[in-house]
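Observations on the model geometry
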Amino acid sequence: MKSNINIAKKSCYVLILIVFYSCVNDGYINSDNKLSSIELSTGAIYPAFDPGVKDYYCTSLNTLKTFQVTLNDFEASKTIYINGVKVTGKVTSLKLNPGEDIVIQSGYHPDEMLTYTVHYLPVEMPKANLITKNNPSEGYILVSLFEMGQPAKDYSYLGILNNDGFPVYYKKVPYGAVFNFKYFDTPNGKRFSYNTTNDIGKAVIMDENFEEIKRLDLLPHNGHGVLPTDNHDFLYLDDNHYILPTYTTRENVDMTAYGGSSSVDIGEFVFQEIQDNNVIFEWDTANFPELLGATDPIYYAQYATAGKVDYFHFNSINIDPNDNNFVLSARHTNQIYKINRTTGAIMWRFGGSDDDFNLTGNQVISHPHHATILPNGHLLLFDNGVTKTPRQSRIAEFALNVTTMTASLVFEYKDEGRYFDIMGSAQKLSNGNYLIGWGGNITSQTNANKSDVTEINANGNIILDISFSNNPNSFSYSYRALKYNITF
C-alpha cells in the first residue's frame with residue numbers, strides 16, 4: 001500500500017515539474033520561429049518573401065562591398081544567426097565571400113531553428129566558365145550578359161567577374177538586352193554605367209555602391225527636342241560632363257544616285273558633348289552627305305527596300321588622349337573617323353571605300369567595333385571581318401603616320417576559324433596585355449560556344465580564357481568585355 005502511495009507521489013511530482021517547465025519555457029514550446037521579412041540593401045529578393053518558403057534569390061549581390069540585411073521582426077528573445085554569426089539588431093552589415101549564400105537561422109531554441117537561404121547565383125543567370133588561367137593581370141572584368149534565343153527574355157544581367165570568371169557582383173536589369181557596362185574614375189568618385197536597349201534609350205549611371213544616380217538623354221539643340229541615347233556607347237567625364245550618341249530620321253532623301261528610290265528615310269547619327277546641362281558640341285552625319293556613298297555595298301539594297309536605312313551604324317566613341325579629338329567607329333561603312341572636337345571636321349578616315357590611309361592586304365578591316373587611340377598614338381580595334389574571305393575575327397593594332405597618311409599593322413590576334421559577326425571589343429591593358437571581348441555570332445552554335453573573353457600577352461599567349469554557358473538554340477553574349485584595376 002505504501003509503495004503505491006510513493007508511486008503516486010512521484011508521478012505527481014513529475015507532473016508538477018512538467019507543468020512548471022512548460023510555463024517557464026512557454027516561448028519554446030509554443031514559439032513561432034518564422035521570420036516575417038528579409039530585406040537586402042543590395043537588391044530585392046525573389047520570390048516575394050513568404051514565411052513558408054525557405055529558398056530565395058536576389059536581383060543583385062556582391063562580394064566587393066559591405067551591404068545591410070534587415071530583419072524587421074528582430075527581437076532580443078529570439079536567436080537569429082546570419083552565416084553563423086549571431087544577430088544583435090534589426091540591421092546587420094554583411095560582406096560575402098565569392099559565391100557565399102546568405103543563410104539565416106531563426107528560432108527560440110537551438111533544437112528548433114528554421115533556415116532561410118538567399119542563394120548567391122540566380123539559376124537563370126548565364127554562367128561564366130573558366131577555361132584557362134595563367135597569371136592574368138590584376139583587375140575585374142565588366143560584362144553585360146544577355147541571351148539571344150526563343151522565347152525572348154525580358155531581363156539580362158550586369159556582371160563583374162574576377163580572374164576565376166566568377167561574378168563577384170551582378171545586377172539583374174529589366175531589359176531583354178543591356179549594353180556597354182563600363183567604369184569611369186571621375187573627380188566625383190567611382191562611376192559605373194550601362195546602356196539600355198534603344199526602345200528605352202538611356203545611359204544609366206551608378207555610384208560606387210552601384211546605386212543608380214541618374215539617367216541621361218540628349219538635350220534639345222539645333223531644332224530637335226530631347227533625344228534618347230543610343231545603346232552602343234557613351235563617355236562620362238564627370239557628373240556634369242558627358243558625350244551621348246543618338247539617331248535621328250531624315251525623311252524623303254533621294255537615293256537614286258545609289259540605285260535606290262527617290263524618297264528614302266535615312267537614319268542619321270548624332271552625338272552631343274554636354275557640360276553643365278548645356279550642349280557645347282554637336283555632330284551630325286547629315287552634314288556629311290558623302291558618307292551615304294561610303295556604306296558597304298552589301299547594304300546598298302536598303303536604299304531601295306528598307307523602311308529606314310542604317311547606312312552608318314555607329315558603335316564606339318572615344319577621345320584621343322594625345323590631342324583630345326573624337327574617334328568614332330562605324331560598322332556599315334567599315335571606317336574609323338577622327339573628328340575635330342572644335343570644328344567638327346573629319347580629320348581622317350581609316351578603312352572603307354574612301355580610306356585616307358590606302359590600306360591593302362591584311363590591313364583592310366571589315367565591320368569594326370570599339371576603336372581607341374592608345375597613348376602612343378596607335379589605333380586599336382576589334383575587326384569582325386564580316387566581308388572577308390574567309391570570314392575571320394581579330395583584334396588589330398595599327399601605327400599611324402598622319403603626316404604621310406600611312407598605317408602599318410603592328411599587332412594582331414586571331415584564332416583560326418573564329419568568327420563573330422556582331423559586337424566585340426579590344427582593350428590594351430597597362431601591363432601590355434590585351435583583353436578581347438569576342439562579341440557574338442547569331443547563326444553558329446559552334447562559334448557561339450567558343451570562349452567569350454580572352455586575355456593575351458604581347459606574344460599572343462592566352463593567359464585568361466572565359467566562356468559563357470549557352471542553352472540549345474540560344475546564345476549568351478556580352479556586347480563588350482572591359483577590364484579595370486579597381487580598388488573597392
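Residues numbered from 1 in each chain as written. Predicted model: local features only at pLDDT ≥ 70, side-chain atom pairs only at ≥ 80, totals over all residues. Heavy atoms only, no water.

1. So, the pattern of salt bridges
Inspection of every chain in the model, using the stated rule, returns 20 salt bridges. Of the charged contacts, one joins Glu-290 and Arg-349 as a salt bridge, the two residues approaching to 3.0 Å between their closest N and O atoms. Placement of the pair is Glu-290 in the loop between strand E22 (278–284) and helix H3 (302–305) and Arg-349 in strand E26 (residues 346–350), with a sequence separation of 59 residues. Classification of Glu-290 by relative accessible area gives partly exposed; the value is 37%. Residue Glu-397 is joined to Lys-428 by a salt bridge in which the shortest nitrogen-to-oxygen separation is 3.3 Å. Residue Glu-397 is found in strand E29 (residues 394–401), and its partner Lys-428 is found in strand E31 (residues 425–428); the two are separated by 31 residues along the sequence. Under the relative-accessibility criterion, Glu-397 is labelled buried at 3%. Here Lys-428 falls in the partly exposed class, since its relative accessible area comes to 31%. One salt-bridge network, in which partners are shared between bridges, spans Asp-383, Lys-388, Arg-394 and Glu-412. (Salt bridge = Lys/Arg side-chain N within 4 Å of Asp/Glu carboxyl O. Helix = DSSP H or I, 4+ residues; strand = E, 2+ residues; numbered from the N terminus. Buried < 20%, exposed > 50% of the residue type's maximum accessible area, 1.4 Å probe, protein only.)

2. Points about the nonpolar core
Residues Leu-40, Ile-102 and Ile-104 are the most contacted members of the largest nonpolar core, which totals 56 residues. With residues near it in sequence (within four places) discarded, Ile-102 still touches Leu-40, Leu-61, Phe-67, Ile-82, Asn-83, Leu-94, Leu-96, Tyr-116, Thr-117 and Val-118. Phe-271, Phe-288, Leu-292 and Leu-328 belong to the second-largest nonpolar core, a separate cluster that totals 25 residues. (Core = buried A, V, L, I, M, F, W, Y, C linked by side-chain atoms within 4.5 Å. Contact = heavy atoms within 4.5 Å.)

3. With respect to the packing of aromatic side chains
A complete count under the given rule lists 44 aromatic pairs for this structure. Measuring from centroid to centroid gives 6.2 Å for Phe-192 and Phe-488, while their planes differ by 10°, and the two rings are stacked. Remark: Phe-488 occurs in the segment after strand E35 (475–484) and Phe-192 occurs in strand E16 (residues 189–195); sequence separation between them is 296 residues. Look at Phe-269 and Phe-312: their rings are 5.7 Å apart centre to centre, the planes differ by 15°, and that puts the pair in the stacked class. In this pair, Phe-269 sits in strand E21 (residues 264–275) while Phe-312 sits in the loop between H3 and strand E23 (314–319), placing the two residues 43 residues apart along the sequence. There is no split in this pair, since Phe-269 and Phe-312 are both buried. Put simply, the rings of Tyr-247, Phe-269, Phe-271, Phe-281, Trp-283, Phe-288, Tyr-311, Phe-312, Phe-314, Phe-326 and Tyr-337 touch in pairs and so form one group of aromatic residues. Its guanidinium or amino end placed over the ring of Tyr-46, Lys-172 lies 4.6 Å from that ring's centre, counting from NZ or CZ. We note Arg-418 situated over the ring of Trp-438; from NZ or CZ to the ring centre the distance is 4.2 Å. (Phe/Tyr/Trp six-rings, centres within 6.5 Å; stacked < 30°, edge-to-face > 60°. Lys NZ or Arg CZ within 6 Å of the ring centre and 35° of its normal.)

4. Remarks on the sheet that holds E16
Read across the sheet, four strands follow the order E15-E16-E17-E18 without closing on themselves; strand pairing throughout is antiparallel. Looking at the sheet topology across the chains shown, the edges are occupied by strand E15 (179–186) and strand E18 (212–216). Along the sheet, successive strands turn relative to each other by an average axial angle of 20°, direction set aside. Relative to E18, strand E17 (residues 203–206) is paired through four bridges, and the arrangement is antiparallel. Note that in E18 the partner of Val-204 across the bridge is Arg-215. (Pairing = 2+ DSSP bridges. Axes fitted to C-alpha atoms, helices over the stretch in contact; angles between N-to-C directions.)

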